[in-house]
Amino acid sequence: MNDFVRVVEVGPRDGLQNEKTAVATADKIALIDRLSATGLRTIEATSFVSPRWVPQLADAAEVYAGIDRRPGIAYPVLVPNEQGYDRARAAGVTEVAVFTAASEAFNRANTNAGIDESIERFRPILARAAADGVKVRGYVSTVLGCPYQGEVAVSAVVDVARRLHDLGCYEISLGDTIGVGTPLKARRMLAAVAVEVPMAALAVHFHDTYGQALANIAACLEEGVRVVDSAVSGAGGCPYARGASGNVASEDVVYMLQGMGIDTGIDLPALAATGRWLAGLLGRETGSKAGRALAAT
Ligand code: HMG
Ligand code: MG
C-alpha cells in the first residue's frame, strides 16, 4: 500500500473529556499547538457541549481562542445542538462535528435524546453550516457494541451513517465507543456501510479497551478506509460509556502506517514527544507503546 491516510487527532477532545485530572486551559492550548507542529492535518480541538455534562471541556471558547490556528490544518469541535453551534460560531469555529449513535440506549445516555430526535437536532445545524460555509463531520457511536444494549445490528449502523451523509456531513466517523470490536467484525461493518456511503467519506474511530484497535484499523485499511481517528498518548473515553477506555494511540497508528508504506505527513518523533509530554501532565506514563519505545531509542 503506497498511499495517504489522514489521521484525525482527537486527543484534545476525546482524550481530555474523560480526564479525572483537571487540565489547565493553557495546557490544553499548548497541547494543540504542539500537535499543530507535527504535520497533522486535522485536530479536534474541544467540545461545545453542555458544561454540566462534560465539565472537563467547559473552557471550550477560551481554548479555541487561545490556539495558534495554522493554515492547512482543520480544528473541528463537537456540537450537540444549535446552542453548541451558536457558541462555536461565536468563538470563530469553521468546522464542527455532530454525534449520534447506532444504539438508542447509548444515545439517550450520552445526549438525552433518541437517534431520530438527535438527527432532527442536526438538521438546522447542517442548514446553517451550509449557509455559513462551515464543514460538518458526523459521528456514529457504538458501531460494534453498546454498553447498555450489547449487540448492535450492522443494519442500524448503516442506516444512521447513511442518514448523516444524506443530511450533508462530508465525512462519517464510525466509532467503536467501548472498544469491543474485533477485526473481522469491524471490516464487515465498514464494508456494509460503504455500500451506502462512499468509502472516501468514511473514517474509523476505535477505542482500545480490549487491545483490538490496531488490528481493527489494519483490517479496515484493507477494506479501503483512508481516514483514521486516534488520540495522542492513547488518551480518551466517553464519560457516558461505562468501561470505555482510551482511543487508539496516534503514535501507534502512525508507526503501523509507516511500516505499511503509507504516508501520513506526520513527524512521529515529534508526535511521540507530545504524547509523553501530555502523559507527564496527567501524571502517568504514555499510553502509546510506540511512544515508550521511541523514548528509549
Ligand atoms: P439536556 O440537559 O437535555 O439539555 O442535555 P437541554 O437542552 O434540556 O438544556 C439544559 C441546560 O443545558 C440548559 O441550561 C441549556 O442552556 C444547557 P439551563 O437553562 O438549565 O441553565 N445547554 C448547553 N449549554 C452549553 N452548551 C450547549 C448546551 N446545550 C444545552 N451546547 C445535551 C442535552 C445534548 C446538551 C447534553 O446531553 C450534552 O451536552 N451531551 C454531550 C455528552 C458528551 O459530550 N459526550 C461525549 C462526546 S461523544 C463521544 O465521546 C463519542 C465519540 O468519541 C465517538 C465514539 O467514540 O463513539 C464522538
Ligand atoms: Mg470516542
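First, a word on what this report is: a plain description of the structure on this page. (Residues numbered from 1 in each chain as written. Chains lettered and ligands numbered in written order. Predicted model: local features only at pLDDT ≥ 70, side-chain atom pairs only at ≥ 80, totals over all residues.)

1. A look at the overall build of the protein chain
Move 1: Secondary structure summary: the protein chain contains 12 helices and 9 strands in total.
Move 2: Along the longest, intermediate and shortest principal axes, the C-alpha atoms of the protein chain span 50 × 40 × 35 Å.
Move 3: Per-residue burial for the protein chain yields a buried fraction of 52% across its 297 residues.
Move 4: Taking as baseline every contact in the protein chain between residues at least 6 positions apart, the subset at least 24 positions apart corresponds to 73%. (Helix = DSSP H or I, 4+ residues; strand = E, 2+ residues; numbered from the N terminus. Buried ≥ 20, exposed ≤ 12 C-beta atoms within 10 Å, placed from the backbone. Contact = placed C-beta atoms within 7 Å.)

2. A closer look at the packing of helix α8 (residues 183–196) against helix α9 (residues 213–223)
Move 1: Contact geometry for α8 and α9: axes closest at 8 Å, N-to-C directions at 35°. Note that α8 runs across α9; the crossing there is right-handed. Across the interface between the two elements, Pro 183, Leu 184, Ala 186, Arg 187, Leu 190 and Ala 191 of α8 pack against Ala 215, Asn 216, Ala 219, Cys 220 and Glu 223 of α9.
Move 2: Classifying every residue of the contact of α8 with α9 by side-chain character gives 8 nonpolar, 1 polar and 2 charged. (Axes fitted to C-alpha atoms, helices over the stretch in contact; angles between N-to-C directions. Left-handed = near helix turned anticlockwise from the far one by under 90°. Nonpolar A, V, L, I, M, F, W, Y, C, P; charged D, E, K, R; others polar.)

3. Points about the packing of helix α6 (residues 115–132) against helix α7 (residues 154–167)
If you want to describe how two helices pack, look at the angle between their axes and the distance between the axes.
Move 1: Where α6 contacts α7, the two axes come as close as 10 Å, and the packing angle between them is 15°. Put simply, α6 runs roughly parallel to α7. As α6 runs across α7, the sense of the crossing is right-handed. Judged by residue contacts, Ile 115, Ile 119, Phe 122, Arg 123 and Leu 126 of α6 engage Val 160, Arg 163 and Leu 167 from α7.
Move 2: Considered class by class, the residues forming the contact of α6 with α7 number 6 nonpolar, no polar and 2 charged. (Parallel < 35°, antiparallel > 145°, perpendicular 65-115°, else oblique.)

4. Looking at the site of ligand 1
Move 1: With respect to spatial proximity, 27 residues lie near ligand 1, and among them Val 49, Gly 84, Ser 141, Gly 175 and Thr 177 are the closest.
Move 2: For the shell around ligand 1, the secondary structure elements donating two or more residues are α4 (82–90), α5 (104–111) and β6 (135–141).
Move 3: Examining the composition of the shell around ligand 1, we find that 3 residues originate from one element, α4, more than from any other.
Move 4: Taken together, the residues of the shell around ligand 1 sort by class into 11 nonpolar, 14 polar and 2 charged. (Near = placed C-beta within 6 Å.)

5. Observations regarding the nonpolar core
Move 1: By size, the foremost hydrophobic cluster in this structure holds 93 residues, and its most contacted members are Val 77, Val 96, Val 140, Val 157, Ala 161 and Leu 174.
Move 2: Looking at which element gives the most residues to this core, the answer is α6, with 6 residues.
Move 3: In this view, Leu 174 contacts Val 140, Val 143, Val 157, Ala 161, Leu 190, Val 193, Leu 202, Ala 203, Val 204 and His 205; residues no more than four positions away in its chain are not counted. (Core = buried A, V, L, I, M, F, W, Y, C linked by C-beta atoms within 7 Å.)

6. A closer look at the sheet that holds strand β3 (residues 46–47)
Move 1: Overall, parallel pairing links the 9 strands, which are arranged β2-β1-β9-β8-β7-β6-β5-β4-β3 in an open sheet. This sheet does not close on itself; its edge strands, each paired only once, are β2 (42–43) and β3.
Move 2: Bridge count between strand β8 (residues 202–206) and strand β9 (residues 227–230): 2 bridges; the pairing is parallel. Bridge pairing in β9 links His 205 to Asp 229.
Move 3: The sheet strands contacting α8 are β7 (171–176) and β8, and the helix crosses β8 at an angle near 155°. (Pairing = 2+ DSSP bridges.)

7. Quick notes on the pairing of strand β1 (residues 6–9)
Move 1: When β1 meets β9, the two strands line up parallel, connected through 4 bridges. Bridge pairing links Glu 9 to Ser 230 in β9.
Move 2: Direction of pairing for β1 relative to β2: parallel, over a ladder of 2 bridges. Bridge pairing in β2 links Glu 9 to Ile 43.

8. With respect to helix α2 (residues 25–36)
Move 1: Between its terminal C-alpha atoms α2 stretches 17 Å, which fits the 16 Å expected from 12 residues at 1.5 Å a residue.
Move 2: When α2 is considered as a whole, its buried residues turn out to be Lys 28, Ile 29, Leu 31, Ile 32 and Leu 35. Looking straight down α2, one finds its buried side chains confined to an arc of 155°; they lie on one side.
Move 3: For α2, the secondary structure elements touched by its buried residues are β1, α1 (11–15), β2, α3 (60–66) and α11 (268–281). (Expected span 1.5 Å × (residues − 1). Arc of directions from axis to C-beta.)

Note that all results are geometric; they support no functional claim without further evidence.
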